[in-house]
Amino acid sequence: MTPDERGRFGEYGGRFAPETLLSALDELEAAFAEAWEDDAFRAELDALLATYVGRPTPVYHATRLSEQLGVDLWLKREDLAHTGAHKINNTVGQALLTRRMGKPRVIAETGAGQHGVATATASALLGLDCVVYMGAKDMERQALNVYRMELLGAEVVPVDVGAATLKEAVSEALRDWVASVDSTHYIIGSVVGPHPFPWMVREFQRVIGEEMRTQLKRPDVVVACVGGGSNSIGAFSAYIGDPDVRLVGVEAGGYGIATGKHGASLSAGSPGVLHGSYTYLLQDEGGQILEAHSVSAGLDYPGVGPEHAFLRDAGVVDYESVTDEQAIAALHLLSRTEGIIPALEPAHALAWVVDNADALRGKTIAMVLSGRGDKDVQEVAGRDG
Amino acid sequence: MADSGTERIRSMFAAAAEQGRAALLPFMTAGIPDPESSLAMFQAMTAADGFEVGIPYADPLMDGPVIASAGRRAIDLGMTIDAGLELVHQVAATTGKPVIVMTYANPVLQYGIDRFVDAIAAGGAVGMIIADLPVEEAAPFLEGGRRRDVGMALFVAPTTTDERLERIVAAQPAFLYGVARLGVTGEQSELAATASELAQRVRAVTDLPLVLGVGISTPYQAVEAGAVADGVIVGSALVRRVLEAEDAEQAAEALGAAVDELAAAMRGSES
Ligand SMILES: Cc1ncc(COP(=O)(O)O)c(C=O)c1O
């Protein structure tokens with residue numbers, strides 16, 4: 001769906017941001033709307049997606065795992081996209097848009113480091129200055145990606161307040177933007193933030209679902225992990241409105257929903273304002289945002305994109321969660337049965353399939369394998385001792 | 001029955017204008033250096049014309065490191081919305097000066113807009129500033145404010161286009177908060193040139209009272225800003241003094257002296 005003129009999906013979304021940013025958001029909305037209708041812009045993006053990103057990414061039939069689980073499981077291989085995750089679809093699009101708007105500098109936040117790497121990559125490609133904000137805790141657990149960003153010429157700025165993870169990194173990037181909006185574009189990494197970001201990022205990620213539709217006969221279930229919600233909405237968009245396809249978004253259950261230490265804003269949160277939009281989030285009674293927890297840095301976020309909030313209330317998508325432990329087990333399972341080490345984020349989606357294999361018996365399942373697991377090897381090795 | 005909120009805001013500006021100066025509105029986070037000593041901080045700022053009381057929010061997008069850490073400290077020490085509202089009441093009652101409440105959208109939405117406005121009106125506050133609320137999202141807040149005659153501010157920034165400025169003025173806020181510089185709150189060595197440009201643009205289209213804030217920290221800057229605006233907000237420079245003080249007594253002393261100095265400079269600029 002297209003958000004209304006106030007950037008709302010139903011009651012969710014909007015623009016809860018300091019006035020200083022509003023003109024830039026207006027400008028961005030107009031620039032994106034125009035570019036998206038411009039054949040030349042689309043042709044340039046498509047060419048880069050094909051020759052640089054490596055699209056279309058394949059859909060792979062996970063034969064051994066299908067047999068083991070008693071389902072028919074297909075993997076949309078975003079892990080094979082350049083830089084190893086779906087994040088590059090969005091950053092190449094936004095970097096092209098930055099150049100079109102005549103801004104020489106971009107900033108980004110990153111949790112797992114995948115979006116930071118993808119932004120640094122697109123910036124190198126187009127000759128843009130790039131600064132990435134990253135929580136100090138995430139810099140520790142995703143050290144490999146920190147070095148990758150630096151190799152690509154980006155400056156990585158540690159954010160050491162609060163939980164020192166993704167939420168703080170987004171806040172710090174927004175603060176930078178408040179001071180630099182004249183010369184800088186903020187390449188946000190998911191379908192979050194003030195309008196037009198949730199809409200624009202979804203449009204850049206739609207390519208995932210559009211390709212799936214041509215590559216795969218209609219599945220019974222489409223499943224994807226939900227952090228901010230960009231890989232999932234990219235896949236779901238192509239199937240929304242088809243009553244025969246069940247859509248499942250899998251959130252980070254952390255130590256378990258009951259412990260309160262998780263990242264499941266849709267399953268266990270309530271509506272409020274975070275980072276510029278009205279959406280589901282984890283908060284206390286006083287409206288203070290709570291710390292999320294997930295073993296996966298990319299899902300360790302107390303909010304979620306506003307379109308997901310709308311889809312949740314409308315009952316269009318089922319939002320489920322799995323724990324850290326289940327996700328780690330799924331990472332091991334896919335590695336051993338298919339020779340694919342997934343990132344911890346999509347391992348959540350797989351863990352849901354594993355957990356529900358009985359109920360899903362015989363069904364065709366399309367799962368977004370949103371990224372590869374190299375960045376998580378150290379984290380997982382640490383836990384296995 | 002006392003005067004209404006918007007009238008009291010206007011008379012505060014008018015009284016200062018009569019003395020040929022702008023009103024001085026210090027910002028202070030509620031709950032620092034600790035919740036018990038917070039009231040004393042406001043009482044120490046005797047030279048202020050009114051106060052901006054910040055109800056702390058842990059993810060303040062418009063605030064730089066000083067005010068952000070003050071908010072986190074207050075929350076860690078147990079400051080809640082209710083305690084903040086009680087403080088508003090005490091500041092208004094014991095100083096008799098106009099009190100404007102400043103916070104972020106989410107705490108107010110969770111509390112309930114009407115319930116929040118009722119509470120600050122009952123506590124004697126005259127106005128309200130929500131840092132992450134542009135005119136697009138402000139309608140229910142403006143309406144709530146009007147219902148209880150609490151004067152709601154809207155922001156204008158150096159980046160605000162003429163078209164937006166028109167929309168903002170048309171929404172009829174009680175006063176305008178001009179963001180003096182491109183950036184979040186924090187101390188600066190000079191007043192940005194953007195401040196007076198912005199003030200001129202605002203003056204050209206409306207008679208609404210205009211306060212300038214963000215990046216105003218020294219007496220000299222306050223004088224400069226006061227020359228083009230009805231009110232001047234000084235925040236980080238004062239909050240920092242409280243955070244750096246060894247105890248509440250020392251904080252109150254430093255604060256009183258700093259505000260005296262600001263006020264004296266602004267009075268001295270009488271022409
Ligand atoms: C591989 C991968 N998958 C998923 C996510 C979660 O983001 P989203 O929900 O926006 O797809 C991330 C975020 O860092 C990621 O790196």
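What counts, and where the lines are drawn
Residues numbered from 1 in each chain as written. Chains lettered and ligands numbered in written order. Predicted model: local features only at pLDDT ≥ 70, side-chain atom pairs only at ≥ 80, totals over all residues. Heavy atoms only, no water. Helix = DSSP H or I, 4+ residues; strand = E, 2+ residues; numbered from the N terminus. Rg over C-alpha atoms; globule rule 2.2 N^0.38 Å. Buried < 20%, exposed > 50% of the residue type's maximum accessible area, 1.4 Å probe, protein only. Contact = heavy atoms within 4.5 Å. Core = buried A, V, L, I, M, F, W, Y, C linked by side-chain atoms within 4.5 Å. Expected span 1.5 Å × (residues − 1). Polar contact = N/O pair within 3.5 Å; in protein donor to acceptor, adjacent residues only side chain to side chain. Axes fitted to C-alpha atoms, helices over the stretch in contact; angles between N-to-C directions. Parallel < 35°, antiparallel > 145°, perpendicular 65-115°, else oblique. Nonpolar A, V, L, I, M, F, W, Y, C, P; charged D, E, K, R; others polar. Salt bridge = Lys/Arg side-chain N within 4 Å of Asp/Glu carboxyl O. Near = heavy atom within 4 Å. 1 Å grid on protein atoms, 1.4 Å probe; cavity = no way out; pocket = protein on both sides within 12 Å on 5 of 7 lines; lining within 4 Å. Sits in = over half its atoms within 2 Å of the grid points. Domains from an automatic or database assignment.

### Quick word on the overall build of chain B
A tally of regular secondary structure across chain B gives 12 helices and 8 strands. Against the compact-globule benchmark of 18 Å for 271 residues, chain B has a radius of gyration of 17 Å, which places it among compact chains. Dimensions of chain B, computed from the C-alpha atoms along their principal axes, are close to 45 × 40 × 35 Å. Burial analysis of chain B (271 residues in total) assigns 61% to the buried set. Long-range pairs, those at least 24 residues apart, make up 73% of the contacts in chain B between residues at least 6 apart in sequence.

### With respect to the nonpolar core
One finds Trp177(A) and Met28(B) to be the most contacted residues of the largest nonpolar core, which totals 199 residues. Among the elements that line this core, the one with the most residues is helix H1 (residues 19–36) of chain A, at 9 residues. Ignoring any residue separated from it by four or fewer positions in sequence, one finds Met28(B) in contact with Met41(B), Phe42(B), Met45(B), Glu52(B), Val53(B), Gly54(B), Leu238(B), Val239(B), Val242(B) and Leu255(B). Core analysis: the second largest hydrophobic core is formed by 32 residues, Leu334(A), Ala351(A), Val353(A) and Val380(A) among them.

### Brief notes about helix H12 (residues 248–268) of chain B
Residues and elements named next belong to chain B. Its 21 residues give H12 an end-to-end C-alpha distance of 30 Å, which sits within 8% of 30 Å, the value for a rise of 1.5 Å per residue. Every buried residue belonging to H12 is among Ala251, Ala252, Leu255, Gly256, Ala258, Val259, Leu262, Ala263 and Met266, and all of these are buried. On its buried face, H12 is in contact with strand S1 (23–29), helix H2 (38–44), helix H10 (219–226), strand S8 (231–234) and helix H11 (236–244). Residue aspartate 247 occupies the N-cap position of H12, its side-chain oxygen lying 3.2 Å from the main-chain nitrogen of glutamate 249.

### Points about the environment of Ala108(A)
All names here are of chain A. With respect to the secondary-structure elements, alanine 108 resides in strand S5 (residues 105–110). Separated by 151 residues in sequence, alanine 108 and threonine 259 place their C-alpha atoms 31 Å apart. Here alanine 108 is in contact with His115, Thr119, Val131, Val132, Tyr133, Ala173, Tyr186 and Ile187, once residues within four sequence places are set aside.

### Some points on the packing of H1(A) against helix H4 (residues 87–101) of chain A
Residues and elements named next belong to chain A. At a closest axis distance of 10 Å, the pairing of H1 and H4 adopts a crossing angle of 110°. If you check the angle between H1 and H4, you find them roughly perpendicular. Between H1 and H4, the residues in contact are Glu27, Leu28, Ala31, Phe32, Glu34 and Ala35 and Leu97, Arg100 and Met101, respectively. A class-by-class count of the residues in the contact of H1 with H4 yields 6 nonpolar, no polar and 3 charged.

### Comments concerning the pattern of salt bridges
Once their charged atoms are close, side chains differing in charge can pair, the charge on each being opposite to the other. What the rule picks out here adds up to 44 salt bridges over all chains. A salt bridge links Glu187(B) to Arg240(B); the nearest nitrogen and oxygen atoms lie 2.4 Å apart. Highlighted residues: Glu187(B) in the loop between strand S6 (175–179) and helix H9 (193–205) and Arg240(B) in helix H11, separated in sequence by 53 residues. Arg240(B) gets classed as partly exposed once you look at its relative accessible area, which sits at 25%. Put simply, Arg15(A), Glu19(A), Asp26(A), Glu29(A), Glu136(B), Arg164(B) and Arg167(B) are held in one network by salt bridges that share partners.

### Here's the deal with the packing of helix H4 (residues 81–95) of chain B against helix H6 (residues 113–122) of chain B
Any two packed helices are characterised by the angle at which their axes cross and by the distance between the axes. All names here are of chain B. Across the interface, H4 lies against H6 with an axial gap of 8 Å and an inter-helix angle of 30°. Accordingly, the angle class assigned to the pair H4 and H6 is roughly parallel. Counting all contacts with H4, which are made through Ile81, Leu85 and His89, the residues of H6 involved are Phe116, Ala119, Ile120 and Ala122.

### What to know about the site of the ligand
Residue and element names in this part refer to chain A. Not every one of the 18 residues close to the ligand is listed here, only the nearest: Ser190, Gly227, Gly229, Ser230 and Ser370. In the model, an oxygen atom of the ligand is placed 3.1 Å from a nitrogen or oxygen of the lysine 87 side chain. Within the contact set of the ligand, an oxygen atom lies 3.3 Å away from a backbone nitrogen or oxygen of glycine 228. Because more than half of its atoms lie within 2 Å of the grid, the ligand is assigned to the largest cavity. In terms of residue class, the shell around the ligand is built from 5 nonpolar, 11 polar and 2 charged. Counting residues domain by domain, the shell around the ligand receives three or more from each of domain 1 (9–49 + 87–197) and domain 2 (56–85 + 206–384).

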